[in-house]
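Examining the three-dimensional arrangement
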Amino acid sequence: MRRLPPLTALRAFEAAARHLNYSRAAEELNVTHAAISQQIRQLEDWFAFRLFRKEGRSMILTDAGQRLQKDYLRGFDILEEATKRALGLEQDRPVQITTTLVFASRWLMPRLGRFNTDHPAIRIKLDSTTALVDYDRENIDIGVRYGAGRWPGLKARMLIPGDRVPMCSPLLLEGRKKPEKPADLFALPFIHDVDQSEWEAWFRQRGIEEADLETGTVHTMSMLAYQAALEGHGLFLGVEEMAKDDLESGRLVMPLGADAVWDGGYFLVLPEGREMRPPVRLFHDWLLREVAGEKT
């Protein structure tokens, strides 16, 4: 037998915690202010701790109330999703994708029109972020992330190898001696993505332990670092596949050729054991076909 608090009181608590106002919660649930207050007191008696407290004219959650809200909110979200599936409404929800700005702008956006043409009824919601996300809480369907492919509780499938190659605008090389070996790159300014670790790893793999990497600029976003390379500000370690169009057009060049360091890749990241909705499955399969088609 499950040991659960009164479910009606839990529903009242969820609404009151979301609004931080008993009157608005009562209006949402179509009951009286007194009914919400009574149900909250019932829940506090059941748990034997306070859920809300007054601070001036405002109502705020206690620490225990905040923890309870966070835990139960996930449960309410799961119930809502289950209800939508049962009613056949869940299929209408957009396919929500989380990915990095570089992958979204350099690889996905130029190809997404083909998916939209083939599946005009399926809506795509694209969130470009590198922040950690909660797939269940934020209704994320599919993620594409750069890394080594190890994320707890998630299954990852390699989409694009992350071979990082020194690249720059040809403007940067004008009037300079063309680099012929790794040590020649020290004559040029560097562009760092977040920190110097990627360049340090690249030089270390080529037997150069003490690399002078103090020149150039540091960017906290990969897309800004990439743009800085296009503008001729310095050398950037970029993923060759993401820079394909600019390399083919000559806007970027690889001064030492495809001398890459592998430190990860772009992975398709999905929650373990989650059944895909049909629209999600269509996008998932389309994504894999696009990657496979380019590889062949």
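Everything discussed here concerns the structure shown above.
Below is a summary of the structure that appears in this document. (Residues numbered from 1 in each chain as written. Predicted model: local features only at pLDDT ≥ 70, side-chain atom pairs only at ≥ 80, totals over all residues. Heavy atoms only, no water.)

1. Comments concerning the overall build of the protein chain
Check the secondary structure of the protein chain and you find 10 helices and 10 strands. Relative to its length of 296 residues, the protein chain is extended, with a C-alpha radius of gyration of 26 Å against a globular reference of 19 Å. Its C-alpha atoms give the protein chain principal-axis dimensions of about 80 × 45 × 35 Å. A fraction of 73% describes how many contacts in the protein chain between residues 6 or more apart in sequence connect residues 24 or more apart. (Helix = DSSP H or I, 4+ residues; strand = E, 2+ residues; numbered from the N terminus. Rg over C-alpha atoms; globule rule 2.2 N^0.38 Å. Contact = heavy atoms within 4.5 Å.)

2. Points about the pattern of salt bridges
Summed over all chains, the structure comprises 13 salt bridges. For the salt bridge of R53 with E55, the shortest nitrogen-to-oxygen distance reads 3.2 Å. Residues D246 and R251 are paired through a salt bridge, measuring 2.5 Å at the closest nitrogen-oxygen approach. With a relative accessible area of 2%, D246 lands in the buried category. Salt bridges here are not isolated pairs; linked through shared partners, they connect E14, R18 and E28. (Salt bridge = Lys/Arg side-chain N within 4 Å of Asp/Glu carboxyl O. Buried < 20%, exposed > 50% of the residue type's maximum accessible area, 1.4 Å probe, protein only.)

3. Quick word on the pairing of strand β3 (residues 95-99)
Counting buried positions over the 5 residues of β3 gives 5, a clear majority of the element. Residues V95, I97 and T99 point to one face of β3 and Q96 and T98 to the other, with burial holding for every one of them. As judged from the 5 bridges shared by β3 and strand β4 (residues 124-128), these two strands associate in the parallel manner. Following the sheet pairing, I97 is matched in β4 by L126. Crossover handedness for the path β3 to helix α5 (residues 101-118) to β4: right-handed. (Pairing = 2+ DSSP bridges. Right-handed = clockwise from strand over helix to strand, strands pointing away.)

4. Quick notes on the nonpolar core
Residues F103, L159, F283 and L287 are the most contacted members of the largest nonpolar core, which totals 37 residues. Of all elements in the fold, only β3, α5, β5 (142-147), β6 (154-167), α8 (222-230), β9 (236-239), β10 (261-271) and α10 (278-295) reach the threshold of two or more residues within this core. (Core = buried A, V, L, I, M, F, W, Y, C linked by side-chain atoms within 4.5 Å.)

5. Side note on α8
Buried within α8 we find M223, A225, Y226, A228 and A229. On its buried side, α8 packs onto α5, β7 (191-193), β8 (217-219), β9 and α9 (244-249). In the segment just after α8, G232 is the residue with positive phi, at about 85°.

6. Some points on the packing of aromatic side chains
Taken as a whole and assessed by the stated rule, the structure comprises 19 aromatic pairs. A cation over a ring is seen here: R164 above Y146, with NZ or CZ 5.3 Å from the ring centre. (Phe/Tyr/Trp six-rings, centres within 6.5 Å; stacked < 30°, edge-to-face > 60°. Lys NZ or Arg CZ within 6 Å of the ring centre and 35° of its normal.)

7. Some remarks on helix α1 (residues 7-19)
Between its terminal C-alpha atoms α1 stretches 19 Å, which fits the 18 Å expected from 13 residues at 1.5 Å a residue. Within the sequence span of α1, burial applies to A9, L10, A12, F13, E14, A15, A16 and A17. At the exit of α1 stands L20, carrying a positive phi of roughly 50°. (Expected span 1.5 Å × (residues − 1).)

8. Comments concerning the side chain of E44
Along the chain, E44 falls in helix α3 (residues 33-47). Owing to a relative accessible area of 13%, E44 belongs among the buried residues under this scheme. Those residues within four positions of E44 in sequence are excluded, and the remaining contacts are F49, R50, L51 and F52.

9. Observations regarding the packing of α1 against helix α2 (residues 22-29)
For the pair α1 and α2, the least separation of the axes is 8 Å and the interaxial angle reads 130°. Judged by the inter-axis angle, α1 sits oblique to α2. With respect to the hand of their crossing, α1 and α2 are arranged in right-handed fashion. Between α1 and α2, the contacting residues are R11, A12, A15, A16, R18 and H19 on the first element and Y22, R24, A25, E28 and L29 on the second. (Axes fitted to C-alpha atoms, helices over the stretch in contact; angles between N-to-C directions. Parallel < 35°, antiparallel > 145°, perpendicular 65-115°, else oblique. Left-handed = near helix turned anticlockwise from the far one by under 90°.)

10. Remarks on the environment of L68
Tracing the backbone shows L68 in helix α4 (residues 63-87). Sequence separation between L68 and F13 is 55 residues, and the spatial gap between their C-alpha atoms is 9.5 Å. The residues contacting L68, other than those within four sequence positions of it, are F13, F47 and L51.

11. Some details on the environment of W151
Relative to the elements of secondary structure, W151 occurs in the loop between β5 and β6. Judged by its relative accessible area of 23%, W151 is partly exposed. Each C-alpha atom, one on W151 and one on L270, is 9.8 Å from the other, the two residues being 119 residues apart in sequence. Sequence-distant contacts of W151, that is, excluding residues within four places in its chain, are made with R145, Y146, A156, F267 and V269.

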